[in-house]
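In case you want the letters, here they are:
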Amino acid sequence: MSSPAFDVRPMPAPIDPALLDGLRQVETATVGHFRMHGFMNARLQSMLPGARIAGTAVTVRTVGIDSTAILIALDALRSGDILVIDRCGEDRHACFGAVMSAAVRATGAAAVIIDGRACDLADIRAQGMPLWCAGASPILGRRLDLGGAVNVPVSCGGVAVAPGDAILADDSGILVVPPAELAPLIDEGLERQRREAVVLERMARGERLTEIAALPRFADYVQG
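So, how was this worked out
- Residues numbered from 1 in each chain as written.
- Predicted model: local features only at pLDDT ≥ 70, side-chain atom pairs only at ≥ 80, totals over all residues.
- Heavy atoms only, no water.
- Helix = DSSP H or I, 4+ residues; strand = E, 2+ residues; numbered from the N terminus.
- Contact = heavy atoms within 4.5 Å.
- Salt bridge = Lys/Arg side-chain N within 4 Å of Asp/Glu carboxyl O.
- Buried < 20%, exposed > 50% of the residue type's maximum accessible area, 1.4 Å probe, protein only.
- Expected span 1.5 Å × (residues − 1).

Looking at this structure, how should I read the environment of Gly22?
Position of Gly22 relative to the elements: it lies in helix α1 (residues 17-24). Spatially, the C-alpha atom of Gly22 lies 6.3 Å from that of Ile186, the residues being 164 residues apart in sequence. Contact partners of Gly22, with chain neighbours within four places excluded, come to Ile186 and Leu190.

What follows is the structure in structure tokens.
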């Protein structure tokens, strides 16, 4: 039974798994060398160090401390989805904990990103659940049926996220990419990482970075 308090839209088309496999090989910091937009605020950090994920955004907008919209979205999550939660500025209460984390894991979803706080972080890490958020809070939200939205455009970490966008996240940050821009971004990212590997190999053989990259040399700037 639907409720006028909740704006729930159909699930977005999943992104081609082959594209997600390619995106997962790219580091967000690599993309940061050639792209300036789409990166969420650095206050959202990985709670599972070493995780790198890529998937299809399923978006949620909550109202106040009400977590009902998250539970609605959770019921439809699929393998490879990433739950992106817009808390609309609410930063005092945790909207996600160990039980929800286990439920997300059971769907095969790739990760959860919260523009806000979570609880039970040790348990969530033990589950191996990739989670990015603003940190912990012991004060829990509630199921109040106040309203909310699922699969509508949201704002998370200062970035607009549409349902169906691609998400790439790792220890360095979180990147949102419209599906139409994925292929060239992956190609550029992988090529830059290939070139970086060559530079590191040459440095390991004793060459200086300034020589390899034709950077300014110290001797050219010494005065007197």
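What exactly am I supposed to notice about the pattern of salt bridges here?
Think of it this way: side chains of opposite charge can pair up when their charged atoms draw near. In this structure the tally under the stated criterion is 15 salt bridges. The shortest N-O distance in the salt bridge between Arg194 and Glu191 comes to 2.8 Å. Placement of both Arg194 and Glu191 in helix α6 (residues 182-204) is noted, with a separation of three residues, approximately one turn of the helix. On the basis of relative accessible area, Glu191 is assigned to the partly exposed category, the value being 29%. Each member of the salt-bridge network shares a partner with another, and the members are Arg43, Asp91, Asp115 and Arg117.

Would you mind going over unusual backbone geometry with me for this structure?
Across residues other than glycine, the phi torsion is negative in most instances, and most of the peptide bonds are trans. Located in the positive-phi region is Asp145, a residue other than glycine, with phi close to 55 degrees. Among the secondary structure elements, Asp145 is positioned in the loop between β6 (131-133) and β7 (148-150). Accessibility expressed as a relative area gives 43% for Asp145, which makes it partly exposed.

Would you take a moment to explain α6 for this structure?
Every α-helical turn comprises 3.6 residues, leaving residues that sit three or four positions apart pointing alike. Here α6 spans 33 Å end to end across 23 residues, near enough to the 33 Å set by a 1.5 Å rise per residue. Every buried residue of α6 is listed here: Leu182, Leu185, Ile186, Gly189 and Gln193.

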